[in-house]
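Now for the letters of each chain:
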Amino acid sequence: MRKEFRKLVTIDEANKIIESFDIQPGITEIKIEDSPGRVLAEDVVSEVDVPPFNRASMDGYAVHAADTYEAREDNPIRLKSVVSIPAGINPEIHVGRGEAAEIATGAVMPAGADAVVMVEYTRSDKDLLIFRPVSINENVMHAGSDIMVGERVLKKGTALSTREIGVLAATGRRAVKVYGLDVGIISTGNELEEPGSKLNEGKIYDINSFSVASAVKECGGNPIRYGIVRDDETEIKNVLKKAAERCDIILTSGSTSAGSGDVMYRIIEENGTVLAHGIDIKPGKPAVIGKVFGKPVFGLPGYPTSSLTIFNEFVAPLIRKITGEKEEKTHINAKMAVRVRSEGRSQLLPVGVIRGRVYPVEKGSGAITTLAEADGFIEIPSEVEMVEAGETVSVTLFGEVDIPDLLFVGSHCLGLDTLIDVASLKMRVINVGSSGGLSAIRNGTADIAGVHLLDESGEYNIPFLERFGIRDAVLVKGYLREQGLIVRKDSKISRFEDIIGARIINRNTGSGTRVLTDIKLREIALQRGISFEGLTENIDGYHTEAKTHSAIASAVKLGKADVGVGIRTVAELNGLDFIKIADEEYDFVIPPGLLESSGIKRFMEALRSQEFSEKLPPGLRTYERTGEIIRMPYSEIRK
Ligand SMILES: Nc1nc2c(c(=O)[nH]1)N[C@H]1C(S)=C(S)[C@@H](COP(=O)(O)OP(=O)(O)OC[C@H]3O[C@@H](n4cnc5c(N)ncnc54)[C@H](O)[C@@H]3O)O[C@H]1N2
Ligand code: MOO
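Attention in this report is confined to the structure presented alongside it. (Residues numbered from 1 in each chain as written. Chains lettered and ligands numbered in written order. Predicted model: local features only at pLDDT ≥ 70, side-chain atom pairs only at ≥ 80, totals over all residues. Heavy atoms only, no water.)

1. A look at the overall build of the chain
Logical step 1: A tally of helices and strands in the chain yields 17 helices and 38 strands.
Logical step 2: Scaling as 2.2 N^0.38, a compact globule of 639 residues should have a C-alpha radius of gyration of about 26 Å, whereas the chain reaches 35 Å, well beyond that.
Logical step 3: Based on the C-alpha atoms only, the size of the chain along its principal axes is roughly 115 × 70 × 50 Å.
Logical step 4: Per-residue burial over the chain gives 49% buried out of 639 residues.
Logical step 5: Contacts spanning at least 24 positions in sequence make up 71% of the contacts within the chain whose residues lie at least 6 apart.
Logical step 6: With an accessible surface of roughly 30,400 Å², the chain has 49% of that area assigned to carbon and sulfur atoms.
Logical step 7: Mean positive and mean negative side-chain charge positions of the chain (78 and 93 charges, respectively) differ by 3 Å. (Helix = DSSP H or I, 4+ residues; strand = E, 2+ residues; numbered from the N terminus. Rg over C-alpha atoms; globule rule 2.2 N^0.38 Å. Buried < 20%, exposed > 50% of the residue type's maximum accessible area, 1.4 Å probe, protein only. Contact = heavy atoms within 4.5 Å. Areas by Shrake-Rupley, 256 points an atom, 1.4 Å probe, with all protein chains shown as cover. Lys, Arg positive; Asp, Glu negative; His and termini not counted. Charge placed at Lys NZ, Arg CZ, Asp CG, Glu CD.)

Pasting the structure below:
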């Protein structure tokens with residue numbers, strides 16, 4: 001039987017349920033170097049004096065201060081140099097009046113001496129000459145002056161940071177008691193494999209148990225990974241039971257939703273209580289909250305961003321409350337760069353903040369890079385359907401916001417990574433496709449757009465500037481990307497015409513690659529004297545659209561199609577064969593006012609450099625037009 005969601009609980013209702021959990025922190029002893037971020041569960045009382053003895057705080061000579069009072073630059077006094085005292089020994093000597101003992105910084109002061117003259121103010125001939133007087137205790141650090149034996153150096157409840165670790169080490173502590181909370185983490189899914197192992201077909205690497213475990217640690221909890229558990233009710237139940245015996249809280253991921261294999265709520269119900277299944281929040285709706293085998297359990301959704309969002313919203317505050325770990329959330333107000341639609345649920349939308357403008361990170365909750373590329377999130381209440389461009393929003397930040405040298409918006413290409421490295425630029429890349437890049441230039445929100453759009457006429461990029469209403473930007477010619485047929489190594493396909501009888505995977509309408517495919521097909525239709533539609537009707541897979549070059553390669557690799565059109569780089573990275581059909585022109589669009597800015601100048605230098613040309617990955621190459629600047633009006637330079 002499939003599960004329909006019960007009524008979604010509100011965020012407040014979910015928090016009320018969580019508040020009702022009575023979880024006491026445990027106490028664990030950990031090595032001091034592992035303790036930053038943790039909260040002390042004991043008073044730390046020093047059992048030693050720090051320093052444990054009077055020591056010299058400068059290199060020089062241990063003396064009786066009274067012997068030096070008459071010393072002057074032009075009238076040094078003479079003392080008898082007796083011994084030399086290195087650090088690390090207990091000097092069993094007595095420095096008498098009229099005597100001096102050479103001493104190293106940190107060495108034990110010898111008996112008798114009460115001050116140290118810095119070596120700079122002395123000179124040796126047969127005696128020691130002293131040119132400046134010292135007062136009693138000058139350049140001497142006294143036993144216990146840093147920490148006194150019996151002193152409480154750190155109070156229970158202190159959040160430990162690197163600064164406190166030094167104090168612990170100084171008092172001789174190797175380990176320290178901190179509050180702990182054992183948090184069991186279980187990833188479920190037949191499709192999951194451990195990172196580090198080979199990825200078999202149809203499988204993906206387990207993300208959640210790693211991201212969630214490190215998030216638990218950040219909150220002062222002690223993550224215990226139970227690894228990957230297959231979608232098998234008995235297996236999941238057994239691991240839950242084992243985790244409940246040891247852990248204070250259990251976190252599972254996956255299997256929370258409506259599919260037939262999604263059984264988490266049922267296992268929890270059968271072995272405890274489901275307190276909520278479904279929260280009015282996006283992402284993360286199908287989350288489960290309950291108790292299983294007597295322990296609080298959170299069924300986090302399988303989607304990586306959903307899973308971390310539910311953790312951050314509901315689980316992190318709970319763990320922090322118990323471990324005493326603080327979190328300082330920072331908020332900034334900034335203006336939305338684009339309009340955002342929201343529907344129904346309260347939404348926590350991941351956003352990037354770039355120069356005070358807020359951009360949604362559009363990859364969705366199934367992608368882990370959604371959070372990795374975000375600087376924070378904005379909250380959109382359930383009743384708000386639209387946040388307009390220009391509206392001021394409050395962003396909850398994940399950490400410090402990086403200020404980039406240049407903001408790139410457009411179609412990402414592997415060559416861009418090379419260019420960024422060669423230019424040594426901190427470039428923020430917002431990957432929204434060529435059209436998105438041109439819109440950003442038109443709206444004045446990007447410094448550079450990367451585009452590779454092909455017009456039916458066969459011309460790259462320039463016609464689109466006009467089409468997008470861009471009148472005041474320059475086009476900088478970039479580099480060439482080899483486009484061609486991507487086929488398996490054993491393929492009989494050897495030229496473009498061969499795709500007519502094959503099973504193909506096509507690119508999405510609007511993409512440059514699709515336009516290129518159609519131009520080539522039109523030529524064939526013309527040669528054969530048939531209509532374009534007549535030709536494409538008979539191509540198996542013509543209407544199956546993939547949105548990325550990688551998706552084309554994946555379909556060919558997995559045998560879902562025999563051929564697709566894409567770039568050489570991706571074919572080679574996937575171990576596939578490539579038959580070149582054309583060179584695609586990947587160009588940059590830049591507002592003219594920025595051409596003289598230092599960032600763009602560095603970018604242009606790098607683009608035109610030998611180094612860039614040599615470092616480009618296979619399938620990409622510079623040519624005679626690389627770095628050429630085309631100014632408005634574009635039509636004049638068109639033939
Ligand atoms: N018919 C419906 N389908 C879905 C609904 C719905 O309401 N009706 N909700 C969607 C939403 S919203 C979310 S969020 C997900 C949650 O799915 P589950 O918790 O059931 O998770 P799975 O189906 O097991 O996996 C979803 C997705 O995430 C991948 N995954 C799972 N675990 C991991 C992991 N540890 N590391 C990396 N990736 C993981 C998994 O392979 C799937 O691709 O459901 C929607 N569907
Ligand atoms: O709740 Mo799901 O997380 O919207 O993707």
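2. Digging into the sheet that holds strand β20 (residues 288–292)
Logical step 1: Read across the open sheet, the six strands follow the order β16-β13-β17-β21-β20-β18; overall the sheet is mixed. Edge positions in the open sheet fall to β16 (222–229) and β18 (272–277), since each of these has one partner strand only. Looking at each pair of strands side by side, their axes are set apart by 20° on average, direction ignored.
Logical step 2: The sheet contact formed by strand β17 (residues 249–253) and strand β21 (residues 295–300) spans four bridges and is parallel. Bridge pairing in β21 links Ile250 to Val297.
Logical step 3: Helix α4 (residues 233–246) rests against β13 (182–188), β16, β17, β20 and β21 of the sheet, and its axis sits at about 165° to β16.
Logical step 4: Here helix α6 (residues 304–323) sits on the sheet in contact with β13, β17 and β21, set at roughly 160° to β21. (Pairing = 2+ DSSP bridges. Axes fitted to C-alpha atoms, helices over the stretch in contact; angles between N-to-C directions.)

3. Focus: the environment of Ile147
Logical step 1: Mapping Ile147 onto the fold places it in the loop between β10 (140–141) and β11 (152–154).
Logical step 2: With relative accessibility at 6%, the residue Ile147 sits in the buried group.
Logical step 3: Residues Ile147 and Val45, spaced 102 residues apart in sequence, show a C-alpha to C-alpha distance of 9.9 Å.
Logical step 4: Contact partners of Ile147, with chain neighbours within four places excluded, come to Ser46, Val48, Asp49, Val50, Val153, Val167, Ala170 and Thr171.

4. Section: the packing of aromatic side chains
Logical step 1: Counted by the stated rule, this structure contains eight aromatic pairs.
Logical step 2: Consider the rings of Phe377 and Phe398, whose centres lie 5.9 Å apart with planes at 45°: the pair is tilted. Of this pair, Phe377 sits in strand β26 (residues 376–380) while Phe398 sits in the loop between β28 (392–397) and β29 (406–410), and the two are 21 residues apart along the sequence.
Logical step 3: Ring centres 5.1 Å apart and planes at 25° place the aromatic pair Tyr479 and Tyr586 in the stacked group. (Phe/Tyr/Trp six-rings, centres within 6.5 Å; stacked < 30°, edge-to-face > 60°.)

5. A closer look at the site of ligand 2
Logical step 1: If you check the shell around ligand 2, you find Lys282, Pro283, Gly284, Lys285, Pro286, Tyr303, Ser306, Arg345 and Ser365 and nothing else.
Logical step 2: Between ligand 2 and Ser306 there is a distance of 2.3 Å, counted from an oxygen atom to a side-chain nitrogen or oxygen.
Logical step 3: When its residues are assigned to classes, the shell around ligand 2 shows three nonpolar, three polar and three charged. (Near = heavy atom within 4 Å. Polar contact = N/O pair within 3.5 Å; in protein donor to acceptor, adjacent residues only side chain to side chain. Nonpolar A, V, L, I, M, F, W, Y, C, P; charged D, E, K, R; others polar.)

6. Examining the site of ligand 1
Logical step 1: Taken together, 22 residues lie around ligand 1, and Glu191, Asp206, Ile207, Thr256 and Ser257 are the ones closest in.
Logical step 2: Contact between ligand 1 and Ser257: an oxygen atom at 2.8 Å from a main-chain N or O atom of the residue.
Logical step 3: Within the side chain of Lys285, a nitrogen or oxygen atom sits 2.9 Å from an oxygen atom of ligand 1.
Logical step 4: Burial of ligand 1 by the protein amounts to 72% of the accessible area it has alone, namely 870 Å².
Logical step 5: Grouping the constituent residues of the shell around ligand 1 by class yields nine nonpolar, nine polar and four charged.

7. Section: the pattern of salt bridges
Logical step 1: Taken as a whole and judged by the stated rule, the model has 31 salt bridges.
Logical step 2: Arg97 is the partner of Asp67 in a salt bridge, and the nearest nitrogen-oxygen pair spans 2.7 Å. On the criterion of sequence distance, the pair formed by Asp67 in the loop between β4 (60–63) and β5 (77–85) and Arg97 in the loop between β5 and β6 (99–103) is long-range, its members being 30 residues apart.
Logical step 3: Looking at Asp67, the relative accessible area reads 16%, which means it is buried.
Logical step 4: Residue classification places Arg97 among the exposed positions, given a relative accessible area of 56%.
Logical step 5: Across the salt bridge formed by Glu596 and Lys601, the nearest N and O atoms sit 3.5 Å from each other.
Logical step 6: Note on Glu596: relative accessible area 59%, which makes it exposed.
Logical step 7: The class for Lys601 is partly exposed, based on a relative accessible area of 41%. (Salt bridge = Lys/Arg side-chain N within 4 Å of Asp/Glu carboxyl O.)

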